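Summary of the model geometry
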There are 2 protein chains.
Amino acid sequence: MKKVTEFKSLIGTDGGLSVELTPFLQKELQEPLYSQLYHWIKKEIEEGRLLPGMKMPSIRQLKTHLKVSRNTIEAAYQQLQSEGYLESVPKSGIWVAEIEKPLLHTKEVEYLNLPECKSSSNVVVDFEYGNVDLHKFPLKQWKKCLSDAMDWENNWLYEYSEKQGEFKLRREISNHLLESRGVRCSPDQILITSGTQTSVSLICRLLELQEKIVAMEEPGYSGVRSVFIDQGCYIEPVPLEKDGVSIVHIQSSAAKAVYVTPSHQFPFGMVLPISKRLRLLKWAYETGGYIIEDDYDGEFRYRGQPIPSLKSLDEEEKVIYLGTFSKSFLPSVRLSYIVLPPSLIPHYSRKFADYNQSVSPIIQRAIALFMQSGEFERHIRRMRKLYQRKHQALLKSIEQNMGTKVKIIGEKSGLHILLKLKDGSNIELIEKGLQNGVKVYSPLKFWLNPNSEGYSYIMLGFGGLSIEEIERGIQLLADCLP
Amino acid sequence: MKKVTEFKSLIGTDGGLSVELTPFLQKELQEPLYSQLYHWIKKEIEEGRLLPGMKMPSIRQLKTHLKVSRNTIEAAYQQLQSEGYLESVPKSGIWVAEIEKPLLHTKEVEYLNLPECKSSSNVVVDFEYGNVDLHKFPLKQWKKCLSDAMDWENNWLYEYSEKQGEFKLRREISNHLLESRGVRCSPDQILITSGTQTSVSLICRLLELQEKIVAMEEPGYSGVRSVFIDQGCYIEPVPLEKDGVSIVHIQSSAAKAVYVTPSHQFPFGMVLPISKRLRLLKWAYETGGYIIEDDYDGEFRYRGQPIPSLKSLDEEEKVIYLGTFSKSFLPSVRLSYIVLPPSLIPHYSRKFADYNQSVSPIIQRAIALFMQSGEFERHIRRMRKLYQRKHQALLKSIEQNMGTKVKIIGEKSGLHILLKLKDGSNIELIEKGLQNGVKVYSPLKFWLNPNSEGYSYIMLGFGGLSIEEIERGIQLLADCLP
Ligand SMILES: Cc1ncc(COP(=O)(O)O)c(C=O)c1O
Ligand SMILES: Cc1ncc(COP(=O)(O)O)c(C=O)c1O
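Residues numbered from 1 in each chain as written. Chains lettered and ligands numbered in written order. Predicted model: local features only at pLDDT ≥ 70, side-chain atom pairs only at ≥ 80, totals over all residues. Heavy atoms only, no water.

In plain terms, the rule: UniProt positions are given in the numbering used here, feature names are shortened, and annotations may be inferred rather than shown by experiment.
An unreviewed UniProt entry lists chain A under the name PLP-dependent aminotransferase family protein, with Ureibacillus aquaedulcis as the source organism. Regarding chain A, the UniProt comment filed under Sequence similarities (unreviewed entry) reads as follows: "In the C-terminal section; belongs to the class-I pyridoxal-phosphate-dependent aminotransferase family." In UniProt, chain A has this text filed under Cofactor (unreviewed entry): "pyridoxal 5'-phosphate".

1. What about the sheet that holds strand 12 (residues 406–409) of chain B?
Residue and element names in this part refer to chain B. Applicable threshold: Here a strand pair is declared whenever DSSP counts at least two bridges between the two strands. Strands here are runs of E lasting at least two residues and helices are runs of H or I lasting at least four, both read from the DSSP assignment and numbered beginning at the N terminus. Whenever a helix is involved, its axis is fitted only over the stretch in contact; in every case the axis is a line through C-alpha atoms, and angles between N-to-C directions fall within 0 to 180 degrees. By definition, residues are in contact when any of their heavy atoms lie within 4.5 Å.
With antiparallel pairing, three strands are arranged side by side in an open sheet as 12-13-15. Since the sheet does not close on itself, it has two edges, and those belong to strand 12 and strand 15 (457–461), each with one partner. For this sheet, the mean angle separating the axes of adjacent strands, direction not counted, is 25 degrees. In terms of strand pairing, strand 12 meets strand 13 (residues 416–421) through four bridges, oriented antiparallel. For I409, the partnering residue across the bridge sits in strand 13 and is L418. Here helix 13 (residues 375–402) sits on the sheet in contact with strand 12, strand 13 and strand 15, set at roughly 15 degrees to strand 13.

2. Digging into the site of ligand 2
The criterion, for reference: Here a residue is considered near a molecule or strand provided that any single heavy atom belonging to it is located within 4 Å of it. Whenever a nitrogen or oxygen atom comes within 3.5 Å of another N or O atom, the pair is scored as a polar contact, on the condition that within protein one atom can donate a hydrogen and the other can accept it, and that pairs from neighbouring residues in sequence are kept only if both atoms are in side chains. The accessible surface values rely on the Shrake-Rupley method and a 1.4 Å probe; as for residues, cover is taken only from the protein chains in view. Three categories are distinguished: nonpolar for Ala, Val, Leu, Ile, Met, Phe, Trp, Tyr, Cys and Pro, charged for Asp, Glu, Lys and Arg, and polar for the others, with Gly belonging to the last.
Every one of the 14 residues lining ligand 2 counts as a neighbour, but Y160 of chain A together with T196, D294, T324 and S326 of chain B are closest to it. Mapping the residues near ligand 2 onto chains gives chains A and B. Within the contact set of ligand 2, an oxygen atom lies 3.4 Å away from a side-chain nitrogen or oxygen of K327 of chain B. With the chains in place, 98% of the 400 Å² that ligand 2 exposes on its own is no longer accessible. Looking at the shell around ligand 2 residue by residue, the class counts come to six nonpolar, five polar and three charged.

3. Side note on the site of ligand 1
Inspection of the region around ligand 1 gives 14 residues, with T196, D294, T324 and S326 of chain A together with Y160 of chain B positioned closest. In this structure ligand 1 sits where residues from chains A and B come together. In this structure, D294 of chain A approaches ligand 1 through a side-chain N or O atom, which is 2.7 Å from a nitrogen atom. Contact between ligand 1 and S326 of chain A: an oxygen atom at 2.5 Å from a side-chain N or O atom of the residue. Within the complex, the protein chains bury 98% of what would otherwise be the 400 Å² of accessible surface of ligand 1. Of the residues assigned to the shell around ligand 1, the class counts are six nonpolar, five polar and three charged.

4. A short note on the packing of aromatic side chains
All names here are of chain A. Using the following cut-off: Between 30 and 60 degrees the pair is tilted, below 30 it is stacked and above 60 it is edge-to-face, where a pair is any two Phe, Tyr or Trp rings, Trp via its six-membered ring, whose centres lie within 6.5 Å. The classification of residues rests on relative accessible area computed with a 1.4 Å probe and restricted to protein chains. Under 20% of the type maximum is buried, over 50% is exposed, and intermediate values are partly exposed.
According to the stated counting rule, one finds 34 aromatic pairs over all chains in the structure shown. Seen in terms of ring centroids, F352 and Y355 are 5.4 Å apart; in terms of plane orientation they differ by 55 degrees. Their pairing is tilted. Overall, the relative accessible area of 5% leaves F352 in the buried class. Classification of Y355 by relative accessible area gives buried; the value is 13%.

5. Observations regarding a positive patch on the surface
Heads up, the condition is: Residues enter a patch when their relative accessible area is above 30% and they make no salt bridge; the linking distance is 9 Å between like charges and 5 Å between nonpolar side chains (Val, Leu, Ile, Met, Phe, Trp, Tyr). Whenever a carboxyl oxygen of Asp or Glu lies within 4 Å of a side-chain nitrogen of Lys or Arg, that contact is scored as a salt bridge. Counting rule for charge: Lys and Arg are taken as positive, Asp and Glu as negative, and neither His nor the chain ends is counted. Positions of charges follow a simple convention, taking NZ of Lys, CZ of Arg, CG of Asp or CD of Glu.
Together, R60 of chain A together with K136, R382, K385 and R389 of chain B make up a positively charged patch on the protein surface. Among the elements that take part in the positive patch, helix 13 of chain B stands out by supplying three residues, more than any other.

Structure representation (structure tokens):
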């Protein structure tokens with residue numbers, strides 16, 4: 001049974017616990033009002049919507065609330081008291097009484113079992129992808145930004161945000177992109193969104209991609225693929241070559257748009273070389289197609305030279321750039337953005353004129369302050385070093401414990417790697433791992449058309465693990481290899 | 001020109017101002033690396049991407065970053081210094097120098113003019129709809145909740161949220177709905193969303209309403225209508241009768257779903273009587289159609305008896321209930337929710353398995369704490385009284401200043417009213433009002449098919465105005481009446 005303290009009052013001025021009643025009383029009916037009220041409350045109690053120990057509104061409160069006379073309520077309450085449904089406690093008020101069980105035929109609210117299973121309890125190390133490091137997070141500074149954000153100006157808190165997102169945040173993002181990704185854009189080109197999926201869904205409607213072909217890396221990020229499919233796009237899976245997505249394949253497709261992760265192919269991790277980038281841009285210029293560049297973890301590159309983003313190479317406004325704070329800051333801010341080419345802005349403004357911004361300006365302003373203060377860049381620098389150490393520890397641990405039984409894939413950047421298994425399928429290893437206390441994942445879902453290849457990899461996310469956990473996890477996993 | 005202090009460094013460990021460079025250096029080329037680097041930096045400066053006064057990365061930093069030798073960088077820097085592009089300041093570092101204007105052919109980033117015009121400056125009172133009261137807002141308590149939310153548990157901050165939204169918040173909402181709206185539902189039926197438009201967009205996909213007919217009040221909330229249209233639904237506009245939406249019209253339509261605002265029709269304000277509610281439910285049971293009940297401001301009712309929500313009357317799981325915190329709390333939390341009938345949950349879980357929650361769990365948890373502490377119910381009680389006073393002042397002011405020249409529409413609840421003009425069209429009054437310092441709005445956009453009727457109303461939102469402002473505004477407006 002529900003705890004009484006979970007209920008709070010909507011009416012009554014004393015702040016005490018009492019419940020709000022919403023009966024429907026009809027003056028036109030033959031049945032007197034007090035009797036209607038009596039029957040209604042009785043039914044609420046019998047069916048368990050009013051629970052023993054809940055405080056009833058005072059007569060005065062209920063009078064104001066229901067716009068009926070004092071007599072009506074008194075009569076109903078007295079009848080209910082005499083029948084034992086309510087209890088009057090002097091100086092305290094009127095309460096729902098404990099009544100015998102048989103009286104009640106509570107329709108128990110079912111708690112449905114949703115497929116939201118967390119890792120089982122004997123898992124010691126969980127290589128889940130998507131988590132970030134929590135030990136070096138500047139919690140104090142971030143809290144201060146949250147608090148300061150509420151004071152920043154006067155009235156904004158009580159209004160809707162700017163449709164594209166808070167200007168101050170867009171200006172900070174525009175500066176950040178110039179410095180760290182070579183992307184030159186005005187704040188007016190930036191749209192704030194609540195996650196990469198929201199970005200992609202918006203782009204589908206903006207470019208009217210429904211029933212159009214969208215080319216996507218195969219394998220690729222399933223979270224985004226689902227959005228394309230739900231928005232009615234047809235997916236053209238583009239095979240990967242050693243150096244990333246096959247441009248020839250895109251050229252021979254009828255795609256209206258292509259979604260790519262050039263800085264760090266998801267999930268394989270290769271970096272698209274400059275020559276392919278230029279050929280991809282050429283495809284867009286020649287066909288009029290758009291390139292959707294998802295630069296989700298471009299901040300975390302450990303080896304090799306940086307390559308300019310597609311967006312920074314684009315000279316004909318054909319690249320739509322996607323960024324997110326999920327890797328560089330926290331997944332739990334649910335904050336991401338789109339950089340549109342200027343030529344698409346008027347179309348966007350017209351098409352989305354009726355839409356409200358969906359990210360809370362509280363979060364937006366807090367992040368803007370965090371960026372403005374320099375904390376964000378410092379945080380990224382710190383995290384890049386930290387992840388690099390973790391990444392090295394992971395690679396070393398794999399080499400030492402697994403030797404030639406596996407091949408490491410995508411070892412240059414990001415917060416995850418893939419292992420290609422020399423023998424056996426991942427199903428077996430994942431199961432054995434679980435029994436041995438280590439949870440690893442199959443990347444199978446990242447294929448639109450899964451084939452046997454998908455079974456020969458496992459995916460290891462390491463962002464949220466400590467170096468000790470990484471080493472322990474790899475040892476546990478190594479024990480499970482054939 | 002951009003201020004230098006806006007730029008922060010991504011590299012370098014000293015926290016000083018320096019920029020990150022992302023040149024693309026190719027070892028295979030004939031041109032030596034130092035020369036490639038030299039040309040690249042020179043171009044960045046000439047084209048205004050590196051600005052005078054910006055600090056360059058140190059040689060050591062750039063060496064690590066680009067994975068090239070110290071010599072390469074020194075050679076490039078020296079050449080640039082000798083040509084006057086860079087300046088070395090002893091004990092400080094290397095900076096981009098001031099160079100003569102003619103050297104620069106900056107592609108200035110255009111700031112596009114978006115249609116985001118704020119009220120012109122001579123407006124004294126703005127009856128904009130959507131704002132809420134700011135004077136009685138419990139800022140201190142809310143800040144504490146935000147801060148406490150960050151401490152609540154250990155790891156959640158660094159992970160993605162539960163897909164449906166934080167359980168703690170869903171539990172609080174479920175309690176609140178039972179007490180204040182008579183809606184009995186389990187937290188498992190609740191989905192957290194980032195605004196009513198997000199809710200409706202999700203429902204369209206869940207019920208597969210694309211290319212289906214959706215019935216909607218005419219006039220009705222255009223923010224939601226746009227979503228239906230963008231999702232490919234056909235809108236059947238249902239005329240309003242004195243007591244709300246025409247049920248006969250819905251019955252004779254081929255609608256698969258109907259969107260209604262029964263507690264407080266938007267924008268006309270009538271309350272759908274119980275008899276019509278029951279007939280609407282019957283329509284749903286007989287045709288299998290769904291009712292989408294938008295209870296956006298059900299908390300603020302000032303006159304007449306409360307009527308149970310459609311959801312609380314629904315016995316066959318045909319009502320999808322929408323709630324929002326935009327009126328009862330703040331528009332700027334961008335927080336709303338859907339209550340699904342249990343029978344739709346498995347379908348939801350399957351269809352949206354790949355989707356991340358889009359509202360930051362920071363906001364979700366802060367609101368949950370705010371509700372748990374009883375602050376939320378107290379806030380609503382306070383606001384209800386406050387809005388009631390404002391509402392009364394508004395009505396009184398209109399009666400005194402405008403007499404029979406206007407008719408007040410929807411005077412029982414909510415944060416806005418309509419005025420029907422006896423003479424003339426709203427265009428004239430809105431324009432004259434603006435000249436006289438008061439901004440009022442045309443509800444014309446709430447009609448799918450605007451007709452002359454739409455011009456005979458003006459809409460006054462009063463949530464964000466003080467009683468003095470309301471009175472002043474009505475006086476200013478009355479002066480403009482013919
Ligand atoms: C390829 C890719 N893009 C984007 C994201 C981030 O998505 P979001 O911004 O919704 O957190 C991820 C995270 O897993 C990803 O793997
Ligand atoms: C009919 C209606 N529903 C819902 C809302 C609230 O929308 P949201 O939750 O996106 O703030 C409004 C606000 O204007 C409204 O008028």
